Amino acid sequence: LAQTAPAPVTAPPPAITSADVVARFTPEQQENILLLDLSTGGRVVIVLRPDVAPTHVERIKTLTRKGFYNGLVFHRVIEGFMAQGGDPKGTGQGGSDLPDLKAEFNDLPHMRGTVSMARTSDPNSANSQFFIMLQPMLKLDRQYTVFGRVVWGMKYVDAIARGEPPANPTKILQASIAADKKPEPQYPAVKQADDPVAAE
């Protein structure tokens, strides 16, 4: 009988990194990409939308470049809904020293991965706080200003500690704009949910 040759061993394709994703954008486009390095263990890539929320995107970029978000926590995280951060007080009551923003409600839907500005009951009260949708919630559409969308690293968002506030809140170690090419920080050791050791 003819022997069949063993199948060639092929190496698995290399995992895509946040840097690979960012590199797909032109330098001009990278000016509108927000990077959040989270204590859950990795970098989240968010495409900003100045075409629909120009003043909100400008505010996020201004605060990011001032280092405002570095070290802040996600203080309100609701399972199946969203993760909210960007408050220097960590209570939901704080903001930056810049004036509140006039609403820029638009047609972008509140889908999983959507990034939108938090506010009080006053539509024109967004300042520095934002939230990332964990699941779709379309009743928020045109009630809050959507200014971006997560395009990579959603697993790090999914791992954000739950609670109002969480007992051990997740931190933004560093926020940066992709065009500024800031290296990722050292992340704390994190056991991912798909780590078999973590499930024991």
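Residues numbered from 1 in each chain as written. Predicted model: local features only at pLDDT ≥ 70, side-chain atom pairs only at ≥ 80, totals over all residues. Heavy atoms only, no water.

## Concerning the confidence of the model for the protein
Confidence in the prediction for the protein averages 93 pLDDT; 93% of positions are at 70 or higher. When the criterion is pLDDT under 50, residues 194-200 qualifies, and its contacts beyond four places in sequence or with other chains add up to three contacts. (pLDDT = per-residue confidence, 0-100. Contact = heavy atoms within 4.5 Å.)

## Brief notes about the environment of Ile60
Among the secondary structure elements, Ile60 is positioned in helix 3 (residues 54-65). By relative accessible area, which is 1% here, Ile60 ends up buried. C-alpha separation for the pair Ile60 and Ile177, spaced 117 residues apart in sequence, amounts to 9.6 Å. Filtering out sequence-adjacent residues up to four positions away, Ile60 remains in contact with Leu34, Tyr69, Met117 and Phe147. (Helix = DSSP H or I, 4+ residues; strand = E, 2+ residues; numbered from the N terminus. Buried < 20%, exposed > 50% of the residue type's maximum accessible area, 1.4 Å probe, protein only.)

## Some details on the sheet that holds strand 7 (residues 146-152)
If you walk across this open sheet you meet the eight strands as 3-4-6-5-7-2-1-8, and the pairing is antiparallel. One side of each edge strand has no neighbouring strand; the edge strands of this open sheet are strand 3 (74-78) and strand 8 (172-177). Ignoring strand direction, the axes of neighbouring strands in this sheet form an average angle of 25°. The pairing of strand 5 (residues 114-117) with strand 6 (residues 130-133) spans three bridges and is classified as antiparallel. Opposite Ser116, over in strand 6, you have Phe131 as the bridge partner. Contacting strand 1 (33-38), strand 2 (42-48), strand 5, strand 7 and strand 8, helix 3 crosses the sheet at an angle of about 120° to strand 8. (Pairing = 2+ DSSP bridges. Axes fitted to C-alpha atoms, helices over the stretch in contact; angles between N-to-C directions.)

## Regarding the layout of surface pockets
Volume-wise, the largest pocket comes out at about 340 Å³. In terms of lining residues, the largest pocket is bounded by 21 residues, among which Gln84, Ala118, Arg119, Thr120 and Gln129 are the most central. When the residues that make up the lining of the largest pocket are grouped by side-chain class, the tally is seven nonpolar, 11 polar and three charged. (1 Å grid on protein atoms, 1.4 Å probe; cavity = no way out; pocket = protein on both sides within 12 Å on 5 of 7 lines; lining within 4 Å. Points joined across faces, edges and corners; volume = space filled by probe spheres on them. Nonpolar A, V, L, I, M, F, W, Y, C, P; charged D, E, K, R; others polar.)

## Thoughts on the pairing of strand 4 (residues 82-85)
The alternating pattern of strand 4 places Met82 and Gln84 and Ala83 and Gly85 on opposite faces, both of which are buried. Pairing analysis gives four bridges linking strand 3 to strand 4, with the strands arranged antiparallel. Within the sheet, the bridge partner assigned to Val77 lies in strand 4 and is Ala83. Counting the residues in the hairpin turn of strand 3 and strand 4 gives three residues, including Gly80, whose phi is positive at 75°. Here strand 4 pairs with strand 6 via four bridges, running antiparallel. Bridge pairing in strand 6 links Gly85 to Phe130.

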